[in-house]
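This is what each chain is made of:
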Amino acid sequence: MRILAATTGEQVDFNQEPTLGLRDINEHTGMLEELALRTFNHTDAPKVADFGCGPGQSSLNIVRPVLDAWSNENPKKQLSACFADLPGNDWGSLRATVLGKDGLIHEDRGPQVEMLAGNFYNQMLCSGSVALATAFNATHWLRHQVFMPSPKALWFSELPSRQYQALRQVAKDDFALFVSKRMEELMPGGCLVVSTMGAAQDTSARNGIIPSKNAVIAMSTEVMHDMVSDGLLQQHHVENFLFPIWFLTEEDARDAILQNEVLAEACEIDHLAVTSRSREESDPKAYLLDQPELYARHKVEADRAVLENTLEAQLFNRCAASARDAHRLSDEFFSRLEDAIRQDVLAGPYRRHVDRKRILTMVLRKRKSGLS
Ligand SMILES: C[S@@+](CC[C@H](N)C(=O)[O-])C[C@H]1O[C@@H](n2cnc3c(N)ncnc32)[C@H](O)[C@@H]1O
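Given the structure is predicted, the values throughout are model-derived calculations rather than measurements.

**Quick word on the overall build of the protein chain**
Secondary structure summary: the protein chain contains 12 helices and 12 strands in total. Radius of gyration (C-alpha) of the protein chain: 21 Å, near the 21 Å computed for a compact globule of 372 residues. Along the three orthogonal principal directions, the C-alpha set of the protein chain runs to about 65 × 45 × 40 Å. Residue burial in the protein chain is summarised as follows: out of 372 residues, 42% are buried. When contacts within the protein chain are restricted to residue pairs at least 6 apart in sequence, long-range pairs at least 24 apart make up 82% of them.

**So, helix 6 (residues 215-229)**
Over its 15 residues, helix 6 runs 22 Å from end to end, which matches the ideal 21 Å to within 8%, given 1.5 Å per residue. Along its length, helix 6 shows its largest kink, about 25°, at threonine 221. If you check which residues of helix 6 are buried, you get Ala215, Val216, Ile217, Met219, Ser220, Val223 and Met224. Looking at the buried side of helix 6, the elements it contacts are helix 7 (235-238), helix 11 (292-319) and helix 12 (323-346). Within two residues after helix 6, glycine 231 carries a phi angle of roughly 75°, on the positive side.

**As for the domain arrangement of the protein chain**
Entries for the protein chain in the domain assignment read domain 1 (8-153 + 161-212 + 247-280 + 356-366) and domain 2 (213-243 + 284-353). On a C-alpha basis, the centroid separation for the pair domain 1 and domain 2 is 28 Å.

**Here we look at the pairing of strand 2 (residues 47-51)**
Judged by how many residues are buried, strand 2 sits mostly within the fold: 5 of 5 residues are covered. Pairing analysis gives 5 bridges linking strand 2 to strand 3 (residues 80-85), with the strands arranged parallel. Among the inter-strand pairings, alanine 49 is bridged to a residue of strand 3, identified as cysteine 82. One crossover worth recording links strand 2 to the parallel strand 3 by way of helix 3 (residues 57-73), and it is right-handed. Pairing of strand 2 with strand 5 (residues 130-136) involves 4 bridges; the strand directions are parallel. If you follow aspartate 50 over to strand 5, its bridge partner there is threonine 134.

**Concerning helix 3**
Relative to the 24 Å expected for 17 residues at 1.5 Å per residue, helix 3 spans 25 Å between its end C-alpha atoms, a close match to the ideal helical length. A maximum bend of about 25° is found in helix 3 at valine 63, where proline proline 65 lies one to four positions downstream. For helix 3, every residue scored as buried is listed here: Ser58, Ser59, Leu60, Ile62, Val63, Pro65, Val66, Ala69 and Trp70. On its buried side, helix 3 packs onto helix 1 (22-26), helix 2 (29-40), strand 2, strand 3, helix 4 (91-99) and strand 5.

How each quantity is defined
- Throughout, a residue's number is its position along its own chain's written sequence, starting from 1.
- The model is predicted, so local features are restricted to residues of pLDDT at least 70 and side-chain atom pairs to those at 80 or more, both for listing and for counting; the totals for chains, interfaces and linings are taken over all residues.
- In this description a helix means any DSSP run of H or I spanning at least four residues, a strand means any run of E spanning at least two, and both kinds are numbered starting from the N terminus.
- A radius of gyration in this sense is built from C-alpha atoms; the matching globule rule multiplies 2.2 Å by the number of residues raised to 0.38.
- Between the buried cut of 20 or more and the exposed cut of 12 or fewer other C-beta atoms within 10 Å of a residue's own C-beta lies the partly exposed class, and all C-beta atoms are placed from the backbone.
- Remark: residues whose backbone-derived C-beta atoms lie within 7 Å of one another are considered to be in contact.
- Expected span of a helix, by definition, is 1.5 Å for each gap between consecutive residues, and there is one gap fewer than residues.
- To get the bend at any residue, fit one axis to the seven residues that end at it and another to the seven that begin at it, then take the angle between the two axes.
- As annotated, the domain borders come from an automatic or database domain assignment.
- One bridge is not enough; two strands pair if DSSP finds at least two bridges between them.
- With the strands aimed away from the viewer, a crossover counts as right-handed if its path from the first strand over the helix to the second runs clockwise.

Right under this line is the structure:
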């Protein structure tokens, strides 16, 4: 297995899909308020930090209930909110959202606001400075691009058992690294909430898991291999490429903490669950299913915004003579994908691929005696 640095370094336009994950976030509001109250008394200047914040709207929905709960407890305490993401994030949009009319600052009053560009696999804030850390829909990105012989797979869940287990260890180590950096930053008694796409355990399924899935994930492998058959992509590049994404099961997440001596001592698992969404709740575009063309276009646009940079940088550039050719390959891939999804929807009740979301949520509390 070969791994390369920087998975999602370039700008990603998540604003194209403002509702992505918003509903999952709103379902956690009660939990965030409760954790806000639990962490409030540990400090005179409570700080909430959202990692992988994206362009802002969903991050605001995470941070605002925490700040409101704190300010209701004691309006005099100085509060702060930190928004952290990769340098390529859409910082203009984040700034406009957080500091704009419906943002956090009103009539010059509000929390201190920080925006931090960096990699959340590194420590990003001062040790012991954060009361509540959050990461929604972000930690499924592994730390590095992955290259390994994977002839029929683009996604971790499609791997044969031996490769699956090897990459599973990488994913658990990456998750443990993410958590250990947050534990450095949290004050004793502070909490970390992680929520992202997960996988359900099922011994009868391939590799013992049923991952969160959507039509784009399901169809992209077939489309990619069709492009190999048509001579547009070199087989050896495609057969070595994997998306640097992993959906943890409950067991993976628990092992990542408890099998790591330092983390097992530094924090306690307060809550851990993988919940399954119904078919209707899993697909934000389901309302367009009776218009297959529109459905397929919207579906691919949303996922293209998330996946294209990785595909161009790590696969199409390797198969093309120039950046322009790589971009053409990308256009071709997403156009074929759109077509495949439209065809699948036209099959109606005989559709092969239906979205099914599984959300993993974990809350960790830093022990009074843990790290830093
Ligand atoms: C799907 S968006 C989620 C945005 C927002 N949290 C939400 O729930 O809508 C994932 C975000 O994670 C960020 N991200 C991925 N890997 C990261 C890393 N290693 N360090 C910092 N941010 C990262 C991406 O840049 C992106 O903004």
